[in-house]
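Overview (structure and organization)
One letter stands for each residue in the lines below.
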Amino acid sequence: MIQSIKIYGDQAILINFEQQIDTTINAAVVALQKAIEHANIDGVRYMIPAYCSLTIGYNPTVIEYGILQEVIKQIGATLFESETNNAQGTFQKSPNKKSSRQLKIPVCYEAPYALDLEALSKEKGLTKEKIIALHTSQTYKVYLLGFLPGFVFMGKIVPELECNRKVTPRLRVPASSVGIAGFQTGIYPTVSPGGWQILGQTPLKIFDPHKENPFLFQAGDEVSFYAITNEEFLKIEQEEKQ
Amino acid sequence: MFQTIRLHFLKAGLQTLIQDQGRVGYQSYGVPVSGVMDKKSAALANELVGNPTDTPVLEITLLGPKIQIQGDCQIAITGADLSPKINKEAIPLYTTITVKDGDTLSFGAIKNGCRAYIAVRGKWQLSKWLNSYSALPYSGKEATPKSVIEKGQELIIEVASPIAKKSIPKAEQPVYKNSERIRVLPGPEFEEFSSYTIAYFFSRGYQLTNDSNRMGYRLDANLIDFKPKREVISSGIIPGTIQITSSGQPVILMADAQTVGGYYRIANVISADMDKLAQLKPGDEVWFSLIRLAEILD
């Protein structure tokens, strides 16, 4: 599973998995992150899980690179080898399956939220209803959070929906906008410039700095969307504010 | 009874920020580390006024603010020499300075370096967000209000009883040059660059372009013989990473950099040289030297 463990500056380590955007590989990244968290290694300061890599920051005055590398190799061996005996060295079972959270997210795919739905419908030759049906038909995996604090990258959308980013990015994409780009779907945590094709908006605040845990999502979550009307949107938005 | 003083900003300066040692541990949510760019200077400023190291400081860049101080207190300024003055009279860096109620702190010409730090003795009346006072880039207005100083703003500090004046001897104060040699380790994609590109990368100096900031320093050249062979799948980014954009331009990622990125990473600046890098300004020059991890550990 682990392809390489390398130095990444003098205070971090980079663990590369097979370099592919793939749900199973990403599940292995999250599983390793959880296992390292669980091992509570002195000197480990932070981790950044991504599609097929895990960055680990450490304090070199507490733990040396060589020792940390060995510890990670051992954790990886225990975690992945027990899973791979049954197959040809591939990662069969997702070890965090039990622990991964399932989130159902309401999305209003109507005006004024569905900024690019109309244009996308024309471009793809698919009705708006078909696009909504396709977007809500899948359960997505959260690959990572990044780009902005709380921005969620999820995949994969069905091939019929795959699309490029907008040629001219918007200067202000509203917070909680749900969009697609490439084979991914994502949610904007805050108002920001952005180039994703916006299908709708969720009334949920996916980033709320005033909450003890400001982020609704984390890497490894399983997410599905369901369509709501304008009225339902406003109702849920009101409830969120209370 | 606690005594409080106020810093009243008559001018904000070019970029005046509340910063501390940064926000480590939330990168997995896409939250940048942030924190002071020059850690050593900030720590010294707090030390000179007897504050704990995790007390916030003001980080000022090139053009300083103008601050009216309401109440007696002690301050210290370290890092870049931006010609600090109290009521138009020059004051020294790296020294505990006693300020009287009504005094005005201002700055003038840039003599040396890029970023200066102001520490004020006492407890700053600010709240932490995710364990840090540092300004959150991109979406900080709600999460870290007041952390990006604006004209007319006030900061309140609960002053502690004064300490005996301290100074750092002139000989021990850093002098920043306009050209610095920075030590780097091979980055994650180092092996994928041609030896010609690698040789070129280390053979010259680069100027920091005008759009260099706390997110990243853009350098003024494109590497030759560089054609990305594959798409790099977005992966964790740490401050000090030198990435090469598709056009071949090197960018050194700094404290406010995004937490993931998808460019080739040629090298990483060693942590001991990050403070030196923090004091370079647009137009200054940077050269890179490749070292091995073993050389740092010795």
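Small disclaimer: the values here were computed from a predicted structure and weren't measured.

**Digging into the overall build of chain B**
Scanning chain B from terminus to terminus reveals 5 helices and 21 strands. For a compact globule of 298 residues, the expected C-alpha radius of gyration is about 19 Å, and chain B comes in at 20 Å, within 12% of that figure. With respect to the principal axes defined by its C-alpha atoms, chain B has extents near 65 × 40 × 35 Å. By sequence separation, contacts in chain B at least 24 residues apart represent 78% of the contacts at least 6 residues apart.

**Overview of the overall build of chain A**
What chain A contains, in helices and strands, is 5 helices and 13 strands. A globule of 242 residues ought to have a C-alpha radius of gyration of about 18 Å, and chain A, at 20 Å, matches this closely. When the backbone C-alpha atoms are referred to their principal axes, chain A occupies close to 55 × 40 × 35 Å. Relative to its full complement of 242 residues, chain A shows a buried share of 42%. Taking as baseline every contact in chain A between residues at least 6 positions apart, the subset at least 24 positions apart corresponds to 61%.

**Some thoughts on the sheet that holds strand β18 (residues 250-253) of chain B**
Residue and element names in this part refer to chain B. Pairing in this open sheet of 7 strands is mixed, and the strands run β14-β21-β13-β20-β17-β18-β15 from one edge to the other. The open sheet is flanked by β14 (206-207) and β15 (216-218), the only strands paired with a single partner. In terms of strand pairing, strand β17 (residues 241-244) meets β18 through 3 bridges, oriented antiparallel. By the bridge assignment for β18, I244 is matched with P250.

**Points about the interface of chain A and chain B**
With 35 residues of chain A at the contact, the number on the chain B side is 29 residues. Take the side of chain A that touches chain B: its biggest share by element is 5 residues, from strand β3 (residues 44-49) of chain A.

**Some remarks on the domain arrangement of chain A**
All names here are of chain A. You can read the domains of chain A as domain 1 (2-84) and domain 2 (102-241). Taking the mean C-alpha position of each, domain 1 and domain 2 sit 30 Å from one another. Taken together, the contacts link 8 residues of domain 1 with 6 residues of domain 2. If one sorts the elements of the side of domain 1 that touches domain 2 by residue count, helix α1 (residues 23-39) sits on top with 4 residues. Class assignment for the residues of the side of domain 1 that touches domain 2 results in 6 nonpolar, 2 polar and no charged.

**Concerning the domain arrangement of chain B**
For chain B, the assigned domains are domain 1 (3-172) and domain 2 (179-297). Every element with two or more residues in the side of domain 1 of chain B that touches domain 2 of chain B is listed here: α1 (39-48), β5 (73-81) and β10 (112-120) of chain B.

**Considering the nonpolar core**
Of all hydrophobic cores here, the largest spans 147 residues; its most connected members are A:I13, A:V152, B:A45, B:I75, B:Y117, B:I118 and B:A119. If near-sequence neighbours (up to four positions away) are discounted, B:I75 is found in contact with B:V49, B:I97, B:V99, B:I118, B:A119 and B:V120.

**Digging into the confidence of the model for chain A**
Within chain A, residue pLDDT values average 92, and 93% of them lie at 70 or more. Scored below 50 in pLDDT, residues 85-94 of chain A makes 14 contacts in the model with residues more than four places away or belonging to other chains.

**Considering the sheet that holds strand β8 (residues 97-99) of chain B**
In sheet architecture, strand pairing relies on hydrogen bonds along the backbone and comes in two forms, parallel and antiparallel. Residue and element names in this part refer to chain B. Strand order across the open sheet formed by 5 strands is β2-β3-β10-β5-β8, with antiparallel pairing between neighbours. One side of each edge strand has no neighbouring strand; the edge strands of this open sheet are β2 (16-19) and β8. Taking the axes of each pair of neighbouring strands and ignoring which way they run, one obtains an average angle of 30° across the sheet. Relative to β8, β5 is paired through 3 bridges, and the arrangement is antiparallel. Looking at the pairing, C73 lines up with V99 of β8.

**Some details on the environment of B:I157**
Relative to the helices and strands, B:I157 is located in strand β12 (residues 154-159). Those residues in contact with B:I157 that lie beyond four places of it in its chain are B:T4, B:I5, B:C73, B:V120, B:G122, B:K123, B:W124 and B:Q125.

**Let's talk about α1(A)**
Think of an α-helix as 3.6 residues a turn; residues three or four steps apart then line up on the same face. Its 17 residues give α1(A) an end-to-end C-alpha distance of 24 Å, which sits within 8% of 24 Å, the value for a rise of 1.5 Å per residue. Where α1(A) is concerned, the buried positions are A:I25, A:N26, A:A27, A:A28, A:V29, A:V30, A:A31, A:L32, A:Q33 and A:I36.

**Section: the confidence of the model for chain B**
Predicted coordinates in regions of low pLDDT should not be interpreted in detail. Summary statistics for chain B give a mean pLDDT of 95 and a share of 99% for residues scoring 70 or more. The complex model carries a pTM of 0.93, and its ipTM stands at 0.94.

**A look at the environment of B:K123**
Residue and element names in this part refer to chain B. Its place among the elements puts K123 in strand β11 (residues 123-124). For the pair formed by K123 and A160, sequence separation is 37 residues and the distance between their alpha carbons is 7.6 Å. Residue contacts for K123: discarding those within four places in its chain leaves I157 and E158.

**Quick word on the pairing of strand β12 (residues 197-201) of chain A**
Residue and element names in this part refer to chain A. With 5 of 5 residues buried, β12 is to be regarded as a mostly interior element. Taken together, the 4 bridges between strand β9 (residues 177-181) and β12 define a ladder with antiparallel strand orientation. What sits directly across from G179, in β12, is I198.

**Description of unusual backbone geometry**
Cis geometry is adopted by the peptide bond preceding A:P112, which originates at A:A111 and carries an omega value of 5°. Along the chain, the position of A:P112 falls in the loop between β5 (102-108) and α3 (117-124). Despite not being glycine, B:S34 has its phi angle at roughly 55°, a positive value. Looking at the secondary structure, you find B:S34 in the loop between β2 and α1. In this structure B:S34 comes out as buried when scored by C-beta crowding, with 28 C-beta atoms within 10 Å. Despite not being glycine, B:K146 has its phi angle at roughly 70°, a positive value. By secondary structure assignment, the location of B:K146 is in the loop between α2 (140-143) and β12.

Rules and cut-offs
Just so you know, the residues in each chain are numbered from 1, in the order the chain's sequence is written. Following the order in which they are written, the chains are lettered starting with A and the ligands numbered starting with 1. Side-chain atom pairs in this predicted model are given and counted only at pLDDT of 80 or more, local residue features only at pLDDT of at least 70, and totals for whole chains, interfaces and linings cover all residues. Helix and strand assignments follow DSSP, with helices taken as H or I runs no shorter than four residues and strands as E runs no shorter than two, numbered in order from the N terminus. In this description the radius of gyration comes from C-alpha coordinates, and the expected globular size is given by 2.2 Å times residues to the power 0.38. Two residues form a contact once the distance between their C-beta atoms, set from the backbone, is within 7 Å. The burial criterion counts other C-beta atoms lying within 10 Å of a residue's C-beta, which is placed from the backbone; the residue is buried at 20 or more, exposed at 12 or fewer, and partly exposed between these limits. At least two DSSP bridges between two strands are required for those strands to pair. Domain start and end points were adopted from an automatic or database domain assignment. When residues are grouped by polarity, Ala, Val, Leu, Ile, Met, Phe, Trp, Tyr, Cys and Pro land in nonpolar, Asp, Glu, Lys and Arg in charged, and all others, Gly among them, in polar. Throughout this description, the term nonpolar core refers to a group of buried Ala, Val, Leu, Ile, Met, Phe, Trp, Tyr and Cys residues whose C-beta atoms join them within 7 Å. The quantity known as pLDDT measures the predictor's confidence residue by residue, on a range of 0 to 100. In this description, a line fitted to the C-alpha atoms serves as the axis of each element, helices being fitted only across the stretch in contact, and the angle between N-to-C directions of two axes falls anywhere from 0 to 180 degrees. A helix's residues, less one, multiplied by 1.5 Å, set its expected span.

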